[in-house]
Amino acid sequence: MTEPAAGPAPLAGVFAAAERQLVICNACRYCEGYCAVFPALERRLELAAGDITHLADLCHDCRDCYTACMYAPPHEFAINLPAALSAVRGHTCDEYPPRPPWPASRRATMAVTGLAAIAVLAVLGGAAGGSGQAAAASPYRVIAYPALLVAAGLPAAWGAAVMAWSAARYWRDTGGRGLASPRVLLAALSQAATLRNLRGGGAGCAYPGDEPSAARRRLHGLVAWGFAACVASTVAAAISQDIAGDPPPYPVLSAPVLLGVAGGAGMVAGCAGLLALRRVAHTEPAREDPALARRGRALLAGLLTLAVTGLLTLVLRDTAAFAPVLAVHLAAVVACFAIAPYTKFTHAVFRFLALVRDNAEAGPAGPGRAP
Amino acid sequence: MTAGEPWDVVVIGGGNAGLVAAITAREAGASRVLLLERAPAALRGGNTRHTRNVRCVHDTGDQYTPGAYPYDELWRDLCAVGDGPSDERLAAHTVRLSESVPAWMSAHGIRWQPPLTGTLHLGRTNRFFLGGGKALVNAYHRTAEAAGVAVRYDATAQNMDFAGDRCAAVLTADGDRIPARAVVCASGGFEANIGWLRRYWGDAADNFLIRGPATNDGRMLAALYCRGAARAGQERGFHAVAIDARSPRFDGGIATRLDSIPFSVVVNTSGERFYDEGEDLWPKRYAIWGRLIAGQDGQIAYSVWDSKVNRLFLPPMYGPVAAPDVAGVARALGLDPHALATTVARYNKAVVPGAFDPSRLDGCRTDGLSPAKSNWAQPIDTPPFYGIAMRPGITFTFMGVRVTEEARVVTVDGGTLGNVFAAGEIMSGNILSSGYLGGFGLTIGTVWGRIAGAAAAREATR
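Residues numbered from 1 in each chain as written. Chains lettered and ligands numbered in written order. Predicted model: local features only at pLDDT ≥ 70, side-chain atom pairs only at ≥ 80, totals over all residues.

Chemist: Explain the overall build of chain B to me, using residue names and the numbers behind them.
Modeler: Assigned secondary structure in chain B consists of twelve helices and 19 strands. The C-alpha radius of gyration computed for chain B amounts to 23 Å, which stays within 12% of the reference 23 Å derived for 462 residues, consistent with globular compactness. Based on the C-alpha atoms only, the size of chain B along its principal axes is roughly 75 × 45 × 40 Å. Taking all 462 residues of chain B together, the buried fraction comes to 56%. For chain B, long-range pairs separated by at least 24 residues make up 76% of all intrachain contacts whose partners lie at least 6 apart in sequence. (Helix = DSSP H or I, 4+ residues; strand = E, 2+ residues; numbered from the N terminus. Rg over C-alpha atoms; globule rule 2.2 N^0.38 Å. Buried ≥ 20, exposed ≤ 12 C-beta atoms within 10 Å, placed from the backbone. Contact = placed C-beta atoms within 7 Å.)

Dropping the structure here:
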């Protein structure tokens, strides 16, 4: 979808498939207690494409509604809402970022971007290589600080700009409001931080099997909080270096190292756990769009690579392996920054915006109470 | 187990009553309990899949049922539907025992949620379980499995092998002979057996839509009658609601139900009104409309409303027809445009102005119109106009087997079928006559599932 739907235009593709199911869900409403999707659906009599996009991102994929659905296959209504909404999310991932400046298939785009990032890093590393004056175990022995700044900063800025662009288009298409309200923002932040919509109304997620389980929410929490801790570690390092005037390496008992280790360990455990759950998640029938499932695995593999190489640079920083491991880690960082806006990483942005909109719509009474 | 060694308790039917009976039998000391589920695992639970709440006595409110619902009030509500309770003693027993049902359900894995949006007026009396009936069935299966109940899917019980006045084994459609010390029949009504319905309803039965699975054909009920079980309940007793005429013949469930009636006028194929659409609060009246429509020509009726009230009820899954005028709605529904326009104009003229309030009996009524509309009467005058064709949607039949207070199946000669017990819809005719009270089917199933399960365990282990 590239334009906001004007009026109740006929829907096609993933939107038509989702709409067919959502209309039945809105006439049933048994799943109202599981998550925010159903109360949000009940506030709507007609569904435009933007509404369906919004509902799809509000869905946190707990799959309780599938397990509870008497209309799930083999029933002739063939309701499989987790799969239908995940297909819409895949479409959102595809359609909201601007076209990349190079003409290529998505897979080629990923490969080219990744390789280019690695090449950039290699060139910068070779031309502006590390200084023998930097302390042992300092990254600046491998790559000079300005080179590192350019190598990581450029793709980071690019990634952030593209995601901001995608977010703005998404916000326009889903007709959102409420970004300016502290109440709404706080509520959305708290729901995102606790993954409230993966609680299944207290029942947990029907994932990876049909039995209720908290594994998904806990592991996802590890990944998200681990990622946040890694970002905080970088910020702490920047503060130590540029404000406190204390160059790396930092001792084990310092904010950058402790945050980095905790965050990295959380990401490793979370990503590995989620990948393991994916291997045993239900397949009969699949409750996720296969294309989005591939992107989910790719995101987890990417984050896992980042976390593992990051931890290794710390563990090996006093050994001869430090330089090559750091190079690999930096290459991974650069590549991930560059391609992030074209991966499932964006789901964090879209889902947060969906939570903001939902809290704005639901009013102070909170989700579950349609007006 | 070795071939031929009998199960302590065999439960026929994997809906609410059967699951409750199986779990209870296990807890009451039956060591080997087998539940026969006719459906494959993906469709297990029968009509229970389509339920969503349970109506029980509670003397105080809580977060899920705000406000008390004392014994006397539930009893009055039960007496006010149809011809009242069939057997006052068993009905009173059911109402009395209903008070312990929610706590029992909670203790066996059921979670609750606040009353669903759009279910006007049900919040105080009825308790909604999280996720609806299939979630309830899933939770009970988990509990049953943990308790050691064996479950056999795709197992259609269709007869019993008797030794004297005691059932020795359950016989399945696949030719299995399953020996049992005690048997609980929780196999539901016969609403999906159109041929059986035709005996009492004639050709009209061909126009009935069945809200639950096509497998509810009553073959165990027929087997029990053959064995001399006494009948309980009326031949034409059933719970039927107005559902979209476009619904599937079987298993359309809740999504096909129409709640537009109190905010609309309802006409027959001649375009004429035939009953007071605003007689009482919808949860007390929705269950009469299936029967009302079953009594109309062609077993079809049409609900017509305007844009003022379009958001006041659950949106129909197939969507209404819409037109800029009433005649357009009539044409889209295949009705005589002149007849419908005349009916609506006459109704509009009869509406007495008042303060419309969908949340209570608002007294907005018609004057000098027959039949009257007693509440929520507003002129139908704001385009676009909407309409939907409705048919009777049969939820379950009441006619079943007579039981004792211990859920033993009573025979026509006044004895009992030894070790055979019944719970749920198959014995609901002991309690319900011709009317229905929303959420009470689950109450009957849970109360009598517990009674039958415990009694069967006693029978098997004594």
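Chemist: A description of the pairing of strand β8 (residues 166-172) of chain B should follow, citing residues and the corresponding values.
Modeler: All names here are of chain B. Two elements, strand β7 (residues 157-163) and β8, share six bridges in a ladder whose sense is antiparallel. Counterpart to N159 in the pairing with β8 is L171. Counting the residues between successive antiparallel strands, the hairpin from β7 to β8 contains two residues, one of them, G164, with a positive phi of roughly 70°. Bridge count between β8 and strand β9 (residues 177-185): three bridges; the pairing is antiparallel. Along β9, the bridge assignment pairs L171 with R177. Between β8 and β9, which follow one another and run antiparallel, lie four residues, and G175 among them has a positive phi close to 90°. (Pairing = 2+ DSSP bridges.)

Chemist: Before we move on, could you go through the packing of helix α1 (residues 16-27) of chain B against helix α5 (residues 133-147) of chain B and cite the residues and values that matter?
Modeler: In a packed pair of helices, the relevant descriptors are the angle between the two axes and the axis-to-axis distance. Residue and element names in this part refer to chain B. Remark: α1 packs on α5, axes separated minimally by 10 Å, with the N-to-C direction vectors making an angle of 20°. Taken together, the axes of α1 and α5 are roughly parallel relative to one another. Once α1 is placed against α5, the crossing between them reads as left-handed. Taken together, the residues of α5 that come into contact with α1 (itself represented by N16, L19, A22, I23, R26 and E27) are L136, V137, Y140, H141, T143, A144 and A147. (Axes fitted to C-alpha atoms, helices over the stretch in contact; angles between N-to-C directions. Parallel < 35°, antiparallel > 145°, perpendicular 65-115°, else oblique. Left-handed = near helix turned anticlockwise from the far one by under 90°.)

Chemist: I'd love a proper account of the interface of chain B and chain A, names of residues and values included.
Modeler: Opposite the 28 residues of chain B that make contact, chain A presents 26 residues. Per-element tally for the side of chain B that touches chain A: the top contributor is α5(B), with four residues. When grouped by side-chain class, the residues that make up the side of chain B that touches chain A number 13 nonpolar, nine polar and six charged. (Nonpolar A, V, L, I, M, F, W, Y, C, P; charged D, E, K, R; others polar.)

Chemist: Could you give an account of the pairing of strand β5 (residues 126-129) of chain B, naming the residues involved and the relevant values?
Modeler: When a strand is regular, its side chains alternate between the sheet's two faces. Residues and elements named next belong to chain B. Of the two faces of β5, the one carrying N126 and F128 and the one carrying R127 and F129 are both buried. When strand β3 (residues 53-55) meets β5, the two strands line up antiparallel, connected through three bridges. Paired with R55 across the two strands is N126, which belongs to β5. Pairing geometry for strand β4 (residues 112-113) and β5, over two bridges, is antiparallel.

Chemist: Could you give an account of the nonpolar core, naming the residues involved and the relevant values?
Modeler: Membership of the largest hydrophobic core comes to 202 residues, with the highest contact counts inside it found for B:V9, B:V183, B:V184, B:F421 and B:A456. In this structure B:A456 touches B:V9, B:A21, B:A25, B:A30, B:A182, B:V184 and B:F421, once residues within four positions along its chain are discounted. Among the nonpolar cores identified, the runner-up in size contains 37 residues, and A:A151, A:A338, A:I339 and A:F345 belong to it. (Core = buried A, V, L, I, M, F, W, Y, C linked by C-beta atoms within 7 Å.)

Chemist: How would you summarise the sheet that holds β4(B) if you had to cite specific residues and measurements?
Modeler: The strands making up a sheet associate through hydrogen bonds between their backbones, and the pairing can be parallel or antiparallel. Judged by pairing direction, the sheet is antiparallel, and its three strands sit side by side in the order β3-β5-β4 (chain B) without closing on themselves. Looking at strand neighbours, the two that pair on one side only are β3 and β4 of chain B, the edges of this open sheet.

Chemist: Explain the packing of helix α10 (residues 255-280) of chain A against helix α11 (residues 290-315) of chain A to me, using residue names and the numbers behind them.
Modeler: Residues and elements named next belong to chain A. At a closest axis distance of 8 Å, the pairing of α10 and α11 adopts a crossing angle of 145°. Taken as a pair, α10 and α11 cross one another with a handedness that is left-handed. Taking contact as the criterion, the partners of V257, G260, V261, G264, M267, V268, C271, A272, L274, L275 and R278 in α10 are, on α11, G296, R297, L300, L303, L304, A307, V308, G310, L311 and L314. Here the contact of α10 with α11 is composed, by residue class, of 15 nonpolar, four polar and two charged.

Chemist: Go over helix α12 (residues 440-461) of chain B with me, naming the residues and quoting the values.
Modeler: Residues three or four positions apart in an α-helix share a direction because the helix packs 3.6 residues into each turn. The end-to-end C-alpha separation of α12(B) is 31 Å, in line with the 32 Å expected for 22 residues at 1.5 Å each. Taking burial as the measure, the 22 residues of α12(B) include 20 buried ones, the bulk of the element. (Expected span 1.5 Å × (residues − 1).)

Chemist: Outline the environment of B:P115, listing residues and values.
Modeler: All names here are of chain B. You can see P115 is positioned in the loop between β4 and β5. Considered as a pair, P115 and P66 are 49 residues apart in the sequence and their alpha carbons are 9.6 Å apart. In contact with P115, not counting residues within four places along its chain, are L122, G123 and F128.

Chemist: Which residues make up unusual backbone geometry, and what are the values?
Modeler: Of note, the bond from A:P73 into A:P74 is cis; its omega dihedral lies within 30 degrees of zero at 10°. Note that A:P74 resides in the loop between α4 (64-67) and α5 (81-95). A cis amide bond, omega -5°, links B:P383 with the succeeding residue B:P384. Positionally, B:P384 belongs in the loop between α11 (337-350) and β16 (385-397). In this structure, B:W376 is a non-glycine residue whose phi angle is positive, near 55°.

Chemist: Provide a residue-level description of the environment of A:T174, including the pertinent values.
Modeler: Residues and elements named next belong to chain A. Along the chain, T174 falls in the loop between α7 (145-173) and α8 (182-194). Measuring from C-alpha to C-alpha, the distance between T174 and G50 comes to 4.4 Å, with 124 residues separating the pair along the chain. In this view, T174 contacts G50, T53, H54 and R357; residues no more than four positions away in its chain are not counted.

Chemist: Any chance you could break down the domain arrangement of chain B for me, citing the residues and the numbers?
Modeler: Residue and element names in this part refer to chain B. The assigned domain composition of chain B is domain 1 (7-236 + 398-461) and domain 2 (240-393). With centres defined by C-alpha atoms, the gap from domain 1 to domain 2 works out at 33 Å. With 20 residues of domain 1 in contact, the opposing surface of domain 2 contributes 24 residues. Across the side of domain 1 that touches domain 2, the residue classes tally to eleven nonpolar, seven polar and two charged. (Domains from an automatic or database assignment.)

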